[in-house]
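Each chain is listed here by its residues.
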Amino acid sequence: MMMTACVGGYKNKCISSVSNESNIDRLSGILCKAENIPFLKSLIVIQDGNVIIEKYMNGGAPDQTIDLKSASKSILSAVLGIAIRDGYIKGIDQKVMDFFPEYSLDELDPRIASLAIEHLVTMTSGFAVKENAETYQGLYESSDWIGHILHLPMNSNPGEKFNYLSLNAHLLSAIIARATYMSMLAYTKLVLFLPLSIEQVAWESDPQGYYIGGWGMSLKARDMANFGLLCLNNGKIGQMQVVPSHWVKQSTTASSGMIGTYYSRWDKNYGYGYLWWIRRLDNDIDIPFALGHGGQRIVILPKANSVIVTQADPSVDSSSSHKNHRTIDSLIFCCLLGYLLQTN
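Residues numbered from 1 in each chain as written. Predicted model: local features only at pLDDT ≥ 70, side-chain atom pairs only at ≥ 80, totals over all residues. Heavy atoms only, no water.

*Asks:* I would appreciate a short explanation of the nonpolar core in the present structure.
*Replies:* Burial of nonpolar side chains together is a common tendency in soluble globular proteins. Ranked by internal contacts, the top residues of the largest apolar core, which has 119 residues, are Leu 43, Ile 89, Phe 100, Leu 192 and Phe 227. Once you skip the residues sitting within four places of it in the chain, Phe 100 turns out to touch Ile 146, Leu 150, Leu 171, Ala 174, Ile 175 and Arg 178. (Core = buried A, V, L, I, M, F, W, Y, C linked by side-chain atoms within 4.5 Å. Buried < 20%, exposed > 50% of the residue type's maximum accessible area, 1.4 Å probe, protein only. Contact = heavy atoms within 4.5 Å.)

*Asks:* I tried to follow the state of the cysteines on my own but got confused; where do I start?
*Replies:* Should the sulfur atoms of two cysteines be covalently bonded, the bond is a disulfide. Throughout the structure, instances matching the rule amount to zero disulfides. Its sulfur unpaired, Cys 334 is 6.2 Å from the next cysteine sulfur, which belongs to Cys 335. (Disulfide = S-S within 2.5 Å.)

*Asks:* What is the right way to look at the sheet that holds strand S2 (residues 50-56) in this model?
*Replies:* Each strand in a sheet pairs with its neighbour through backbone hydrogen bonds, running either in the same direction (parallel) or in the opposite one (antiparallel). Strand order in the open sheet made by the seven strands is S2-S1-S12-S11-S10-S9-S8, with antiparallel pairing throughout. Each edge of the sheet is formed by a strand with only one pairing partner; in this case those strands are S2 and strand S8 (270-272). Looking at each pair of strands side by side, their axes are set apart by 20° on average, direction ignored. For strand S1 (residues 40-47) and strand S12 (residues 306-312), the ladder comprises seven bridges, and the chain directions are antiparallel. (Pairing = 2+ DSSP bridges. Helix = DSSP H or I, 4+ residues; strand = E, 2+ residues; numbered from the N terminus. Axes fitted to C-alpha atoms, helices over the stretch in contact; angles between N-to-C directions.)

*Asks:* Please clarify how the layout of surface pockets should be interpreted in this entry.
*Replies:* It is the rolling of a water-molecule-sized probe over the atoms that shows where space remains empty. Taken as a whole, the largest pocket holds about 680 Å³ of empty space. In terms of lining residues, the largest pocket is bounded by 25 residues, among which Glu 131, Asn 132, Tyr 136, Tyr 164 and Ser 318 are the most central. Contributing elements (two or more residues each) for the lining of the largest pocket: helix H4 (133-140) and helix H10 (318-343). Looking at side-chain class alone, the lining of the largest pocket contains ten nonpolar, nine polar and six charged residues. The computed volume of the second largest pocket comes to approximately 200 Å³. Surrounding the second largest pocket, Cys 231, Leu 232, Asn 234, Val 248, Lys 249, Thr 252, Thr 253, Asp 286, Pro 288, Ile 300 and Pro 302 form its lining. Elements represented by at least two residues in the lining of the second largest pocket include exactly helix H8 (221-232), helix H9 (245-251) and strand S10 (285-292). (1 Å grid on protein atoms, 1.4 Å probe; cavity = no way out; pocket = protein on both sides within 12 Å on 5 of 7 lines; lining within 4 Å. Points joined across faces, edges and corners; volume = space filled by probe spheres on them. Nonpolar A, V, L, I, M, F, W, Y, C, P; charged D, E, K, R; others polar.)

*Asks:* Could you clarify how one ought to interpret helix H7 (residues 184-193) in this entry?
*Replies:* For an α-helix, 3.6 residues make a turn, and residues three or four places apart therefore share a direction. For H7, the tally of buried residues reaches seven of ten residues, placing the bulk of the element in the interior. Along H7, the residues classified as buried are Met 184, Leu 185, Tyr 187, Thr 188, Val 191, Leu 192 and Phe 193. Down the axis of H7, the buried set is contained in an arc of 160°. They therefore lie on one face. Summarising the contacts, the buried residues of H7 are in contact with helix H2 (72-85), helix H6 (166-180), strand S4 (202-203), strand S5 (217-220) and H8. (Arc of directions from axis to C-beta.)

*Asks:* Help me understand the environment of Asp 329 in this model?
*Replies:* Checked against the element boundaries, Asp 329 lands in helix H10. Linking Asp 329 and Asn 155, residues 174 residues apart in sequence, is a C-alpha distance of 32 Å. Sequence-distant contacts of Asp 329, defined by excluding residues within four places in its chain, comprise Tyr 263, Tyr 270, Arg 279, Arg 297 and Cys 334.

*Asks:* Would you mind going over the side chain of Thr 188 with me for this structure?
*Replies:* Considering the arrangement of structural elements, one finds Thr 188 in helix H7. Taking relative accessible area as the criterion, Thr 188 reaches 0% and is therefore assigned buried. Excluding residues within four positions of it along the chain, Thr 188 makes contact with Val 79, Phe 193 and Trp 203.

*Asks:* For this particular structure, what's the right way to read unusual backbone geometry?
*Replies:* Note on backbone geometry: most residues besides glycine have negative phi, and most peptide bonds are trans. One non-glycine residue, Met 123, adopts positive backbone phi at about 60°. Assignment of secondary structure puts Met 123 in the loop between helix H3 (117-121) and H4. At Asn 305, a position not held by glycine, the phi torsion is positive, near 50°. Within the secondary structure layout, Asn 305 lies in the loop between strand S11 (296-301) and S12.

Here's what the structure looks like:
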């Protein structure tokens with residue numbers, strides 16, 4: 001079901017489709033908490049296909065696009081699933097170097113020969129660098145990002161060790177572009193954004209013209225929510241299977257085990273799928289979510305038939321971003337989730 005905007009007396013604040021007075025009071029209290037988060041730009045909550053909260057604050061607006069940062073990786077994951085279904089890519093076990101033969105004679109770490117797409121989407125590529133400013137500086141100083149990444153040192157065999165690294169996703173973006181003979185933006189528009197009626201998108205590219213796989217995609221909050229609804233509905237819009245249902249399930253399952261996140265001080269209630277994070281609650285509820293620097297979120301709550309979207313200031317430093325993530329987690333997993341599970 002596509003998301004529809006609130007109707008009636010919509011004035012940048014909406015609590016709709018809630019008839020029980022006590023539920024309205026409780027939801028109003030949660031919304032007040034959200035309004036007191038100074039870096040939060042937007043909050044959308046959808047349950048059973050109805051928008052129950054749509055709020056913009058701190059300079060946010062319905063037509064404003066904000067950089068999803070790493071939350072764009074989950075969109076990349078969906079596009080990969082489509083490309084595999086359509087035969088452009090053999091599967092997640094296909095080797096990365098199949099797509100970059102011009103680098104095969106370079107002096108690369110021999111372990112890169114076993115690097116497969118699966119290792120990129122599970123963040124187990126084996127590259128020795130960390131997700132930090134030094135790594136990004138080296139990348140941005142290069143005129144050939146693909147070559148730069150492929151020449152990185154490795155400290156483990158692919159598949160052995162989890163190491164969150166956005167550069168993995170950029171390799172994947174270039175792989176999809178080469179496999180489809182289309183730019184990543186053009187292919188994504190054709191197979192995903194067009195069915196979702198997403199028209200306004202900005203996407204940064206590298207010096208060679210490859211659209212960045214791990215960050216740099218800007219969307220409106222409502223379009224983020226429509227993508228979340230697509231995933232909540234197992235990849236379908238009406239009768240159209242946009243993303244294979246098995247891919248949605250597989251990519252939103254914690255193949256990594258419960259390893260924690262970089263911002264949660266490695267709390268073991270977090271895992272990683274195929275470019276999706278998963279939060280586990282009470283040992284039996286797994287909640288997939290797309291996560292982006294500063295507080296960007298697309299959260300899928302199957303047990304509550306709900307989607308939650310947040311947009312936040314994407315320009316903060318890493319330390320502030322980690323604090324913001326913990327604040328957003330508290331709003332979503334401590335406040336909103338309890339309400340949505342109770343009312344479902």
